[in-house]
Amino acid sequence: MDIVTATTPGAAARSLRDTVYTRLRAEILNGRVDPRERLTEPKLSKLFDVSRTPVREALSRLLSDGLIERTDFGYAVVVPSLAELHDLYELRVTLELRGVERIIENPELRYDTDALSAELTYWLGLRADVPEPDPSFVMLDERFHTVLSRAAGNERLTEALVEVNEKVRAVRMYDFVEPERIRITIDEHVEILELALADRLPEARTALHKHVGESLAVVMERAARALSRMALAV
């Protein structure tokens, strides 16, 4: 884990414990803490250049958040089991599809086409210059799904989707370590956006359903492979 210790804007106005908590939580949610890494008070105190007290309080809050768990040698990032992943992926599919479904069902609703157009431009740029495979690509993938959900107009749906994505991120990030997976993801994002902008919503829903996992069995197979990669990661 490589934590940047520079002071962030507004950090001075927050209490030290809130600052440590916020920064460590961000490191975990952004996938920069290896699930195999042990988090201990002495180690984190040194990284953050603070006493053990704010670190202890931050760890306690992260434990309550369900982001970390106790181990024999400190704490570690929580990695969902396959059973938990199944439930979370099933919820994710429901939340993803509900965005487009509410627009299909209600003719008075429309996508935010400005947001979708800007996102399409971004992903067309990625198609022209495909990035190298990297676990951090999961953040770009989540960005797409967040923009698409928010453009459908129900902020509560989007908030729920963001929360689910955070919980499965530690596993999903290992799904983006193969060039073909990156290319397929980019192409499918472009297709979904183009269909939504063309107001071909039933087709957009079908494409989105296929993208997020029409067959939950396929999704779980990917998750199992991702967990295997995590186990082998150094």
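Below or above, wherever it landed, is the structure these notes cover. (Residues numbered from 1 in each chain as written. Predicted model: local features only at pLDDT ≥ 70, side-chain atom pairs only at ≥ 80, totals over all residues. Heavy atoms only, no water.)

Let us now look at the packing of aromatic side chains. Throughout the structure, instances matching the rule amount to four aromatic pairs. Aromatic pair tyrosine 122 and tryptophan 123: ring centres 5.8 Å apart, planes at 85°, arrangement edge-to-face. Residue classification places tyrosine 122 among the partly exposed residues on the basis of a relative accessible area of 28%. Judged by its relative accessible area of 0%, tryptophan 123 is buried. For the ring pair tryptophan 123 and phenylalanine 137, a centre distance of 6.0 Å and an interplane angle of 85° mean the geometry is edge-to-face. Note that tryptophan 123 is positioned in helix α5 (residues 113–128) and phenylalanine 137 in helix α6 (residues 137–151), a separation of 14 residues in sequence. Taking the relative accessible area as the measure of exposure, phenylalanine 137 reaches 3% and is therefore buried. Members of the aromatic cluster, joined through ring pairs, are Tyr122, Trp123, Phe137, Phe144 and Phe176. Over the ring of tyrosine 21 we find arginine 61; its NZ or CZ atom is 3.7 Å from the centre of that ring. Residue placement shows arginine 143 over the ring face of tyrosine 122; its charged tip is 3.7 Å from the ring centre. (Phe/Tyr/Trp six-rings, centres within 6.5 Å; stacked < 30°, edge-to-face > 60°. Buried < 20%, exposed > 50% of the residue type's maximum accessible area, 1.4 Å probe, protein only. Helix = DSSP H or I, 4+ residues; strand = E, 2+ residues; numbered from the N terminus. Lys NZ or Arg CZ within 6 Å of the ring centre and 35° of its normal.)

Residue position: glutamate 105 is located in helix α4 (residues 82–105). Within the local environment of glutamate 105, its side chain forms a polar contact with the side chain of arginine 98, the two groups lying 2.9 Å apart. (Polar contact = N/O pair within 3.5 Å; in protein donor to acceptor, adjacent residues only side chain to side chain.)

Turning next to the pairing of strand β2 (residues 74–77). As judged from the four bridges shared by strand β1 (residues 68–71) and β2, these two strands associate in the antiparallel manner. Across the sheet, the residue bridging to isoleucine 68 is valine 77, located in β2. The hairpin formed by β1 and β2 contains two residues between the paired strands. (Pairing = 2+ DSSP bridges.)

Within the largest apolar cluster, 30 residues are counted, with the highest numbers of intra-cluster contacts made by Tyr111, Leu116, Trp123, Leu148 and Leu208. Among the secondary structure elements, those contributing two or more residues to this core are α4, α5, α6, α8 (179–197) and α9 (201–213). When sequence neighbours within four positions are dropped, the list of residues in contact with leucine 208 reads Glu96, Leu97, Val100, His145, Leu148 and Ile192. Grouped together as the second largest cluster of nonpolar side chains are 18 residues, Tyr21, Leu39, Leu67 and Tyr75 included. (Core = buried A, V, L, I, M, F, W, Y, C linked by side-chain atoms within 4.5 Å. Contact = heavy atoms within 4.5 Å.)

Any two side chains of opposite charge can pair, on the condition that their charged atoms come close. Applying the stated criterion to the full structure yields 20 salt bridges. A salt bridge links glutamate 105 to arginine 98, with the shortest nitrogen-to-oxygen separation between them at 2.9 Å. Overall, the relative accessible area of 30% leaves arginine 98 in the partly exposed class. Between arginine 200 and glutamate 203 there is a salt bridge, with the nearest N and O atoms lying 2.7 Å from each other. Owing to a relative accessible area of 40%, arginine 200 belongs among the partly exposed residues under this scheme. Overall, glutamate 203 belongs to the partly exposed group, its relative accessible area being 39%. By sharing partners, the salt bridges in this structure join Arg92, Glu96, Asp141 and Arg172 into a single network. (Salt bridge = Lys/Arg side-chain N within 4 Å of Asp/Glu carboxyl O.)

So, about helix α3 (residues 52–65). For α3, which comprises 14 residues, the first-to-last C-alpha distance of 20 Å matches the rise-based estimate of 20 Å (1.5 Å per residue) to within 8%. Along α3, the residues that are buried comprise Pro54, Val55, Ala58, Leu59 and Leu62. Looking straight down α3, one finds its buried side chains confined to an arc of 135°; they lie on one side. Packed against the buried residues of α3 are α1 (16–29), α2 (41–48), β1 and β2. Positive backbone phi, approximately 85°, marks glycine 66, located one or two places after α3. (Expected span 1.5 Å × (residues − 1). Arc of directions from axis to C-beta.)

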